[in-house]
Amino acid sequence: MNEEGQGGFPEIAYDGRGLVPCIVQDADTREVLMMAWMDREALRLTLEERTMWFWSRSRGELWHKGATSGNVQKLVELRYDCDADTLLALVRPAGPACHTGARSCFYRTLA
């Protein structure tokens, strides 16, 4: 794996759609806030601006987290797993992560 891939960051293993999952975690509490998809441009913007950008599969466009709600997530650290196919973003959130108003998107229990 190329440690100095395009854009000055390690080469990430995007899926067939050009996307990689990104788990977002509160840098202070370590609570998992959400999971969203990133494309190369979202990753580039996130690294440049130090706020979270994603690719909206439903809208088919880039999405700056908090652009309309004000609940911006400031990037503290961006990690990637051993296979380079999943990202972990440690953030400082300005408000709830979930569109429902819940702090985390993971507020329901299945088992």
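This one's a predicted model, so the numbers in the text were calculated from it and none came from an experiment.

Novice: Let's hear about the confidence of the model for the protein: which residues, and what values?
Specialist: Detailed reading of the predicted model is not advised wherever pLDDT is low. Taken residue by residue, the protein gives an average pLDDT of 92. The fraction at 70 or more is 91%. In this model, residues 1–6 is a region of pLDDT below 50 whose contacts with residues beyond four sequence positions or in other chains number 13 contacts.

Novice: An account of the side chain of Gln73 is needed here, citing residue identities and associated values.
Specialist: Checked against the element boundaries, Gln73 lands in strand β5 (residues 73–80). Among all residues touching Gln73, those that are not within four sequence positions of it are Val24, Leu33, Met34, Arg50, Thr51, Met52, Phe54, Lys65, Val91, Arg92, Pro93 and Ala97.

Novice: Mind laying out the environment of Arg79, listing which residues take part and the relevant values?
Specialist: Examined against the element boundaries, Arg79 turns out to sit in strand β5. Taking the C-alpha atoms as reference points, Arg79 and Arg17, 62 residues apart in sequence, are found 21 Å from one another.

Novice: Give me the lowdown on the packing of aromatic side chains, citing residues and values where you can.
Specialist: Aromatic rings in a pair are described by how distant their centres are and how their planes are angled relative to each other. A complete count under the given rule lists one aromatic pair for this structure. On the basis of an interplanar angle of 45 degrees and a centroid distance of 5.1 Å, the ring pair of Phe54 and Trp63 is categorised as tilted. Looking at Phe54, the relative accessible area reads 0%, which means it is buried. Against the face of Trp37 rests Arg17, its NZ or CZ located 4.9 Å from the ring centre.

About the thresholds
- Residues numbered from 1 in each chain as written.
- Predicted model: local features only at pLDDT ≥ 70, side-chain atom pairs only at ≥ 80, totals over all residues.
- Heavy atoms only, no water.
- pLDDT = per-residue confidence, 0-100.
- Contact = heavy atoms within 4.5 Å.
- Helix = DSSP H or I, 4+ residues; strand = E, 2+ residues; numbered from the N terminus.
- Phe/Tyr/Trp six-rings, centres within 6.5 Å; stacked < 30°, edge-to-face > 60°.
- Buried < 20%, exposed > 50% of the residue type's maximum accessible area, 1.4 Å probe, protein only.
- Lys NZ or Arg CZ within 6 Å of the ring centre and 35° of its normal.

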